[in-house]
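# Report on the structure
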Amino acid sequence: DAGITQSPRHKVTETGTPVTLRCHQTENHRYMYWYRQDPGHGLRLIHYSYGVKDTDKGEVSDGYSVSRSKTEDFLLTLESATSSQTSVYFCAISASSTNEKLFFGSGTQLSVL
Amino acid sequence: SQQGEEDPQALSIQEGENATMNCSYKTSINNLQWYRQNSGRGLVHLILIRSNEREKHSGRLRVTLDTSKKSSSLLITASRAADTASYFCATRHASGGSYIPTFGRGTSLIVHP
């Protein structure tokens with residue numbers, strides 16, 4: 001299995017608080033992605049990174065920011081959590097942006113009350 | 001919006017039967033991939049088919065790609081109870097200098113023993 005660790009695995013927080021989710025990889029892959037998974041919507045891309053300090057927005061980026069200060073870590077921050085951000089968040093990595101498959105972490109279940 | 005859409009949304013079959021899932025997409029792609037997700041887990045890559053390929057096999061899996069119809073199908077032959085999972089197609093389409101992996105909503109497959 002690819003070395004991807006998401007932390008925390010579960011998080012309960014209150015509306016309006018900032019939350020940071022961490023994705024750590026040991027594969028030295030260049031590309032990292034944050035997705036959210038909701039019933040009826042499948043997986044939707046929030047942000048992705050194509051290198052250290054190189055990030056871009058995905059389909060549902062509003063209310064989220066990311067940072068990648070080193071190859072192995074990709075952080076997702078909910079600046080002021082809202083109930084609509086209650087979801088399961090998945091990190092994924094790939095070696096390239098073309099034909100390489102994605103490897104997924106185990107997910108973070110986030111509940112915003 | 002999602003690039004790929006799976007059909008059907010849910011599929012229930014008996015062990016030993018074949019399961020067929022379809023994926024339709026909207027714009028030209030670099031490749032199409034199928035993933036499997038067991039309940040409460042991250043996605044696992046099953047098979048990748050490139051835009052210049054028409055069919056690919058991997059064990060009990062058979063994937064076809066019809067770029068003229070912008071569609072793909074995943075066939076699981078001689079299904080087993082352990083095949084119970086959600087199946088997602090993912091396409092990579094060009095966005096700026098990167099190819100962004102985009103997922104459909106998935107097909108939920110239940111295989112009854």
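Sequence order sets the numbering: in each chain, residues are counted from 1 along the sequence as written. Going through the entries in the order they are written, you letter the chains from A and number the ligands from 1. Only residues with pLDDT of at least 70 are given local features in this predicted model, and only at 80 or more are side-chain atom pairs given and counted; all residues enter the totals for whole chains, interfaces and linings. For the side-chain quantities, the full set of heavy atoms in the structure was used; hydrogens and water were omitted.

Our next topic: the packing of aromatic side chains. Put simply, two rings from Phe, Tyr or Trp (the six-membered ring, in Trp's case) pair if the centres are within 6.5 Å, and we call them stacked under 30 degrees between planes, edge-to-face over 60, tilted for the rest. On inspection of all chains with the given rule, the structure shows 12 aromatic pairs over all chains. With a centroid separation of 5.3 Å and 90 degrees between ring planes, the pair formed by Tyr35 of chain A and Phe103 of chain B is classed as edge-to-face. Of this pair, Tyr35 of chain A sits in strand S4 (residues 31-38) while Phe103 of chain B sits in strand S10 (residues 98-103), which puts the two residues in different chains. Accessibility assignment for this pair places Tyr35 of chain A and Phe103 of chain B in one class, buried. Ring pairs connect the aromatic residues Tyr31, Tyr33, Tyr35, Tyr48, Tyr50, Phe90 and Phe104 of chain A together with Tyr35 and Phe103 of chain B, which therefore count as one cluster. Under the DSSP-based scheme used, a helix requires at least four consecutive residues in state H or I and a strand at least two consecutive residues in state E, with every element numbered from the N terminus. Accessibility here uses a 1.4 Å probe with only protein chains present; expressed as a share of the type maximum, an area under 20% marks a residue as buried, one over 50% as exposed, and anything in between as partly exposed.

In this section: the pairing of strand S9 (residues 87-94) of chain A. Residue and element names in this part refer to chain A. The buried fraction of S9 is high, at seven of eight residues. Pairing of S4 with S9 involves seven bridges; the strand directions are antiparallel. Paired with Gln37 across the two strands is Val88, which belongs to S9. In this sheet, strand S11 (residues 108-112) lies alongside S9 in antiparallel orientation, the contact comprising three bridges. Paired with Tyr89 across the bridge in S11 is Thr108. Paired strands, as defined in this entry, are two strands with at least two bridges between them according to DSSP. The sheet contact formed by S9 and strand S10 (residues 103-104) spans two bridges and is antiparallel. When the bridges of S10 are listed, Ile93 appears paired with Phe103.

Note on contacts: a residue pair qualifies if any of its non-hydrogen atoms lie within 4.5 Å across the two residues. Counting from both sides, the interface comprises 24 residues of chain B and, opposite them, 25 residues of chain A. The term buried area denotes the loss of accessible surface (1.4 Å probe radius) that occurs when two parts are joined, taken as the sum for both partners. Counting each side, the surface lost to burial between chain B and chain A is near 1900 Å², with a carbon and sulfur contribution of 49%. The largest per-residue losses of area from chain B upon contact with chain A belong to Leu43, Arg92 and Phe103 of chain B, which jointly make up 24% of the total buried on that side. Salt bridges, as used here, are contacts in which a Lys or Arg side-chain nitrogen is within 4 Å of a carboxyl oxygen on Asp or Glu. Counting across the interface, chain B meets chain A through zero salt bridges. Under this definition, polar contacts are N or O atom pairs within 3.5 Å; protein pairs additionally need one hydrogen-donor-capable and one acceptor-capable atom, and for neighbouring residues in sequence, both atoms have to be side-chain atoms. Where chain B packs against chain A, one counts four residue pairs in polar contact (both at pLDDT 80 or more). Contributions of two or more residues to the side of chain B that touches chain A are made by strand S4 (31-37), strand S5 (43-50), strand S9 (85-95) and S10 of chain B. Counting residues per element, the side of chain B that touches chain A draws most heavily on S10 of chain B, which supplies five residues. Across the side of chain B that touches chain A, the residue classes break down as eight nonpolar, 12 polar and four charged. Side-chain classes are defined by residue name, with Ala, Val, Leu, Ile, Met, Phe, Trp, Tyr, Cys and Pro counting as nonpolar, Asp, Glu, Lys and Arg as charged, and the others, Gly among them, as polar.

Moving on, we come to the sheet that holds strand S3 (residues 19-25) of chain A. All names here are of chain A. One open sheet holds the four strands; their spatial order is S1-S3-S8-S7, and the pairing between them is antiparallel. Where the open sheet ends on each side, the last strands, each with one partner, are strand S1 (4-7) and strand S7 (64-70). Neighbour to neighbour, the strand axes of the sheet diverge by 15 degrees on average, direction disregarded. Across five bridges, the pairing between S7 and strand S8 (residues 73-78) is antiparallel. Counted as the bridge partner of Tyr64 is Leu78 from S8. Here the axes come from fitting lines to C-alpha atoms, over the contacting stretch only for helices, and the angles between their N-to-C directions go from 0 to 180 degrees.

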